[in-house]
Amino acid sequence: MIMLQNILKAIRISVILWLITGVVYPLLIFGVGQLPALREKANGSIVYNLENKPYGSSLIGQVFTSERYFYTRPSAVRYSQGRQGRPTGVSGASNLATSNPDLLKRVVDTANQLRDENVSPIVGDFIYTSGSGLDPHISLRAAQAQIERVAKARGIRPEEVIPLINRSTDNRFLGIFGEPGVNVLRLNYTLDLNERVSNQRRNQ
């Protein structure tokens, strides 16, 4: 009889703990995340275009190949985009040692490609992948090195791009940790938005 009571008590406690940790707590956290001040980040910081379609997440980088856009850092997992992003997982680095010839070949090939595209100076952001493979930022120096190329491709003056870079720059965390970084997705979206607004004004 005592054993049966203990078993029933253990079952009740398990059910109560499951309700608290598996139902009540997740719903509470979800509800808090939907508050106006937190909703954007809780839902993935999705950037929407003018047609209200997802453009991408400002928390995760993505591949840009057009001359009209700023390039992101190389990614060992291609930012988990498409079939080429799947074999090595959704996040991570190549784990190649500095003595590995495959790493040296990739770095040299990337540097030669950038040189052919007249990208100067060739900074580390263009050559070395991040640890996560999902980094959405590049350094200010890397963004400045691409201004001429992007401005020429879009038919605008380089001076018009600089304010957009400043607007897309995240400062040091708490003002002291890390370095300022340019969010590439936000910058490229701002470029598209600015171009569209300019075209609308010309057509009016």
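Coordinates for the structure precede this section.
Residues numbered from 1 in each chain as written. Predicted model: local features only at pLDDT ≥ 70, side-chain atom pairs only at ≥ 80, totals over all residues. Heavy atoms only, no water.

## Digging into the packing of aromatic side chains
The condition that has to hold: Pairs were defined over the aromatic rings of Phe, Tyr and Trp, the Trp ring being its six-membered one, requiring ring centres within 6.5 Å. Orientation was assigned from the angle between planes: stacked under 30 degrees, edge-to-face over 60, tilted for the rest. Over a ring means this: the NZ of a Lys or the CZ of an Arg is within 6 Å of the ring centre and within 35 degrees of the ring normal.
Per the counting criterion, the structure on display carries one aromatic pair. Relative to Y69, the ring of F64 has its centre 5.4 Å away and its plane inclined at 40°; by these criteria the two rings are tilted. The aromatic ring of Y69 is capped on one face by R154, whose charged end is 5.1 Å from the ring centroid.

## Examining the pattern of salt bridges
Cut-off, in case you're wondering: A side-chain nitrogen of Lys or Arg and a carboxyl oxygen of Asp or Glu constitute a salt bridge if their distance falls within 4 Å. Segments assigned H or I by DSSP are reported as helices when at least four residues long, segments assigned E as strands when at least two residues long, and all are numbered from the N terminus. Three exposure classes are used, based on accessible area relative to the maximum for each residue type with a 1.4 Å probe and protein chains only: buried under 20%, partly exposed in between, and exposed over 50%.
Evaluation of the coordinates by the stated rule reveals nine salt bridges. Between D192 and R154 there is a salt bridge, with the nearest N and O atoms lying 2.8 Å from each other. With D192 in helix α7 (residues 184-203) and R154 in helix α5 (residues 147-154), the pair connects residues that are 38 residues apart, well separated along the chain. Among the ionic pairs, E179 bridges to R172, the shortest N-O distance being 3.0 Å. Here E179 falls in the exposed class, since its relative accessible area comes to 61%. By relative accessible area, R172 is classed as partly exposed at 35%. Connected through shared salt-bridge partners, R68, R154, D192 and E195 make up one network.

## Focus: helix α3 (residues 101-116)
Heads up, the rule is: The span you would expect from a helix comes to 1.5 Å times its residue count less one. The term polar contact refers here to a pair of N or O atoms within 3.5 Å; inside protein, the definition further demands a hydrogen-donor-capable atom paired with an acceptor-capable atom, and it admits residues adjacent in sequence only when both atoms are side-chain atoms.
In this model, α3 (16 residues) spans 22 Å end to end at C-alpha, consistent with the 22 Å of a helix rising 1.5 Å per residue. Looking at where α3 begins, the residue whose side-chain oxygen comes 2.8 Å from the main-chain nitrogen of D102 is N100.

## Looking at the side chain of Q146
In plain terms, the rule: Whether two residues touch is decided by their heavy atoms; if any such pair falls within 4.5 Å, the residues are in contact.
Following the sequence through the fold, Q146 ends up in the loop between α4 (140-144) and α5. A distance of 2.6 Å separates the side chain of Q146 from the backbone nitrogen of Y71, its partner in a polar contact. Among the polar contacts made by the side chain of Q146, one reaches the side chain of R149 at a distance of 2.5 Å. Ignoring any residue separated from it by four or fewer positions in sequence, one finds Q146 in contact with Y69, F70, Y71, F126 and I138.

## Observations regarding the environment of D109
In this structure, D109 sits in helix α3. Residue D109 is classed as partly exposed on the basis of its relative accessible area of 37%. Taking C-alpha positions, D109 is 9.3 Å from I127, a pair spaced 18 residues apart along the chain.

## Things to note about the side chain of N183
Mapped onto the fold, N183 is located in strand β5 (residues 181-183). In terms of polar contacts, N183 uses its side chain to reach the backbone amide nitrogen of L185, at 3.4 Å. Residues within four places of N183 in sequence aside, it is in contact with S58, P136, H137, S168 and D170.

## With respect to the sheet that holds β5
Keep this limit in mind: Criterion used throughout: strands pair if DSSP finds at least two bridges between them. The angle between two axes is taken between their N-to-C directions and runs from 0 to 180 degrees, where each axis is a line fitted to C-alpha atoms and a helix contributes only its stretch in contact.
One open sheet holds the three strands; their spatial order is β3-β5-β4, and the pairing between them is antiparallel. The sheet terminates laterally at β3 (137-139) and β4 (169-170), the two strands that pair on one side only. Judged from the two bridges that link them, β4 and β5 form a sheet pairing that is antiparallel. Looking at the pairing, T169 lines up with V182 of β5. Most of the contacts of α7 go to β5, to which it runs at about 50°, and overall it touches β3, β4 and β5.

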